[in-house]
Amino acid sequence: MTFQRFAVLGSGAWGTALAATLQNAGRNVVIWGRDPDVIASLKAGNGNPAYLPDIKLPAFEATTDMAALGTLDACLAVVPAQTSRAVFEAAAPVLSPGLPVLLCAKGIEHTRHSLMTDVLAETVPESRPCVLSGPSFAHDVARGLPTAVTLACADRPTGEALSNAIGSPTFRPYWVSDLVGAEVGGAVKNVLAIACGIVDGLALGRSAHAALIARGFAELRRLALAMGAEETTLSGLCGLGDLVLTCSSPQSRNMRFGLKLGQGTPLGDLVKETDSLVEGVATAPAVVALAARHRIDMPIASAVAQIVSGEITVNEAIEDLLDRPLTTET
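These lines cover the structure that appears in this document, whether it is placed above or below. (Residues numbered from 1 in each chain as written. Predicted model: local features only at pLDDT ≥ 70, side-chain atom pairs only at ≥ 80, totals over all residues. Heavy atoms only, no water.)

## Structural notes on the nonpolar core
Link 1 in the chain: Counting residues in each nonpolar core, the largest one holds 46 residues, and the members touching the most others are V188, F257, V287 and M298.
Link 2 in the chain: Residue contributions to this core peak at 11 residues, all from helix α7 (residues 179-201).
Link 3 in the chain: Core analysis: the second largest hydrophobic core is formed by 38 residues, A19, L22, F60 and V141 among them. (Core = buried A, V, L, I, M, F, W, Y, C linked by side-chain atoms within 4.5 Å. Buried < 20%, exposed > 50% of the residue type's maximum accessible area, 1.4 Å probe, protein only. Helix = DSSP H or I, 4+ residues; strand = E, 2+ residues; numbered from the N terminus.)

Following this line, the structure appears as structure tokens:
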């Protein structure tokens, strides 16, 4: 099983970083994106100054025309979760039956509360879904810094062949079969990162920050297991690993969003500036809806959903969480 020619759907920071990783691994890559200026810059070898400024990148084959992708061995879908359905529908005619599609967006569809694997199944039903997730910042990957991620694929030979095709000494994908665990871990951690940012913005201390990560992981685990995930996946790179990274650095857009909220930036101003890029904002209410469907208690995620919808203030959310009855940890 050989994977040589890849399409990357999405020319933002993460899509460009993954395209560079593939090209450095010796693969043929074509990038599709909507912004003609970004595509022109990538083709000219001028990098991606809009999303990865100051990072030198090779020239890429790139296009704004989905029909120009040509014959592919695999595809990486690196567009935001909330626009994935429309992009998949547009790409469906050029994605051949059985083509592996690696889902790289970490979010849950806001309107239908669907995981990205469900969206793909509805729009490109003959594709082979995979999930690429884990503790990875686009700038680190684009610079060639060591990174380890999870590649989830139900079929082990396909998953291992893809891992070998996209892997390199500095980019190490580890195969698992658990797509649900990889997806839920990546999506819920963005919601929890907003909460951690709020805690840091309010200067509540490292003890509170650590407690929030631990209690947030308990919420993530409860929901994922109820949806059919495997325990070992959640304790690995795409669960605990990604949660720790995203909740520990303002390099994360989700944590930065929460940090500014905690520091007093009005919600309306912040949403206008950044909501299209912060997956946790749209994902939070979807997580709460899934938790209700599965009868799972997720007080931290619920608080974030109420904050980003404007139902309660940050201070009210903190008071509500601290006023909850004491109980057993597990």
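## A short note on helix α2 (residues 36-43)
Link 1 in the chain: Three or more residues of α2 are buried, namely V38, I39, S41 and L42. Looking straight down α2, one finds that the buried residues subtend no more than 160° of arc, so they occupy a single side. Away from its buried face by more than 90 degrees, α2 exposes P36 and D37.
Link 2 in the chain: Considering only its buried residues, α2 is in contact with α1 (13-24), β2 (28-32) and β3 (61-63).
Link 3 in the chain: N-capping of α2 is provided by D35, with a side-chain oxygen placed 2.9 Å from the backbone N of D37.
Link 4 in the chain: G45, located one to two residues past α2, shows a positive phi value of around 80°. (Arc of directions from axis to C-beta. Contact = heavy atoms within 4.5 Å. Polar contact = N/O pair within 3.5 Å; in protein donor to acceptor, adjacent residues only side chain to side chain.)

## Considering the layout of surface pockets
Link 1 in the chain: Space inside the largest pocket adds up to approximately 1300 Å³.
Link 2 in the chain: Together, 44 residues line the largest pocket, and A13, W14, P80, R253 and L277 are the ones closest to its centre.
Link 3 in the chain: Elements that contribute at least two residues to the lining of the largest pocket include exactly α1, α5 (138-142), α7, α10 (237-246), α11 (253-262), α12 (267-274) and α13 (279-293).
Link 4 in the chain: Per-element tally for the lining of the largest pocket: the top contributor is α11, with 5 residues.
Link 5 in the chain: Per-class residue counts for the lining of the largest pocket are 19 nonpolar, 15 polar and 10 charged.
Link 6 in the chain: The calculated volume of the second largest pocket comes to roughly 800 Å³.
Link 7 in the chain: Around the second largest pocket, the lining comprises 27 residues; the ones closest to its centre are R215, I300, L321, L322 and R324.
Link 8 in the chain: Of all the elements, helix α8 (residues 206-226) adds the most residues to the lining of the second largest pocket, at 6 residues.
Link 9 in the chain: Its residues assigned to classes, the lining of the second largest pocket comprises 19 nonpolar, 2 polar and 6 charged. (1 Å grid on protein atoms, 1.4 Å probe; cavity = no way out; pocket = protein on both sides within 12 Å on 5 of 7 lines; lining within 4 Å. Points joined across faces, edges and corners; volume = space filled by probe spheres on them. Nonpolar A, V, L, I, M, F, W, Y, C, P; charged D, E, K, R; others polar.)

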